[in-house]
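# An overview of the molecular structure
Chain residues, written in single-letter form:
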Amino acid sequence: MKFSNVNVNDIASLLKFLDEDFLDDEVYMDVCNLNLHDRDDLRELVKKVIVPGFLEMNDATQSYLRLVLLECMKREFDVGLVSERISSFFDFEDINFKLFIALINEEIEKARS
């Protein structure tokens with residue numbers, strides 16, 4: 001599959017699981033106090049919120065979003081555009097977005113194997 005450009009809606013479709021409207025109260029309470037400047041806490045957020053949502057997607061969507069993640073790791077991405085689309089308990093511009101994307105990719109690969 002040829003992949004040339006990341007659209008903000010593509011990455012937002014994966015990160016939507018962090019939207020306050022998607023998080024149930026129990027998960028929210030588990031993750032809302034994580035220190036998202038800490039790599040281990042950021043990984044915990046990914047494992048508790050992003051990975052389960054990703055695994056519920058069909059194979060075609062998963063494959064496409066894995067390509068989106070790889071593209072996001074290769075180039076600069078306007079994180080502010082993501083913040084505009086997702087109402088989260090944190091601001092995406094306040095975290096190391098490249099690290100965040102890399103951790104999502106790592107945890108998704110682990111979960112799929």
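Residues numbered from 1 in each chain as written. Predicted model: local features only at pLDDT ≥ 70, side-chain atom pairs only at ≥ 80, totals over all residues. Heavy atoms only, no water.

### Concerning the confidence of the model for the protein
Averaged over the protein, the pLDDT score is 88; the fraction of residues at 70 or greater is 95%. When mean pLDDT is taken per element in the protein, helix H3 (residues 39-55) scores highest with 96 and helix H5 (residues 79-85) scores lowest with 83. (pLDDT = per-residue confidence, 0-100. Helix = DSSP H or I, 4+ residues; strand = E, 2+ residues; numbered from the N terminus.)

### Here we look at the environment of valine 79
Within the element layout of this structure, valine 79 appears in helix H5. With 23 residues separating them in the primary sequence, valine 79 and alanine 102 have C-alpha atoms 15 Å apart. With sequence-adjacent residues up to four places away left out, valine 79 is seen in contact with Phe92, Glu93 and Phe97. (Contact = heavy atoms within 4.5 Å.)

### Considerations on the packing of helix H1 (residues 8-15) against helix H6 (residues 97-112)
Two elements in contact, H1 and H6, have axes separated by 13 Å at closest approach and are oriented at 60°. As far as their axial angle goes, H6 and H1 are oblique. For the element pair H1 and H6, the recorded crossing hand is left-handed. Between H1, through Ile11, Leu14 and Leu15, and H6, the contact on the second element is made entirely by Phe97, Phe100, Ile101, Ile104 and Ile108. In the contact of H1 with H6, the residues fall into eight nonpolar, no polar and no charged. (Axes fitted to C-alpha atoms, helices over the stretch in contact; angles between N-to-C directions. Parallel < 35°, antiparallel > 145°, perpendicular 65-115°, else oblique. Left-handed = near helix turned anticlockwise from the far one by under 90°. Nonpolar A, V, L, I, M, F, W, Y, C, P; charged D, E, K, R; others polar.)

### Observations regarding the pattern of salt bridges
Under the defined criterion, the tally for this structure stands at six salt bridges. Between glutamate 106 and arginine 43 there is a salt bridge, and its shortest N-O distance comes to 3.1 Å. Within this pair, whereas glutamate 106 is found in helix H6, its partner arginine 43 is found in helix H3, the two being separated by 63 residues in sequence. A relative accessible area of 32% means that glutamate 106 is categorised as partly exposed. With its nearest N and O atoms 3.5 Å apart, the salt bridge here joins lysine 48 to glutamate 44. Of the two residues, lysine 48 and glutamate 44 are both situated in helix H3; the distance of four residues between them amounts to about one turn of the helix. What makes lysine 48 partly exposed here is its relative accessible area of 34%. What you see here is one network of salt bridges that share partners, running through Arg43, Glu106, Glu107 and Lys110. (Salt bridge = Lys/Arg side-chain N within 4 Å of Asp/Glu carboxyl O. Buried < 20%, exposed > 50% of the residue type's maximum accessible area, 1.4 Å probe, protein only.)

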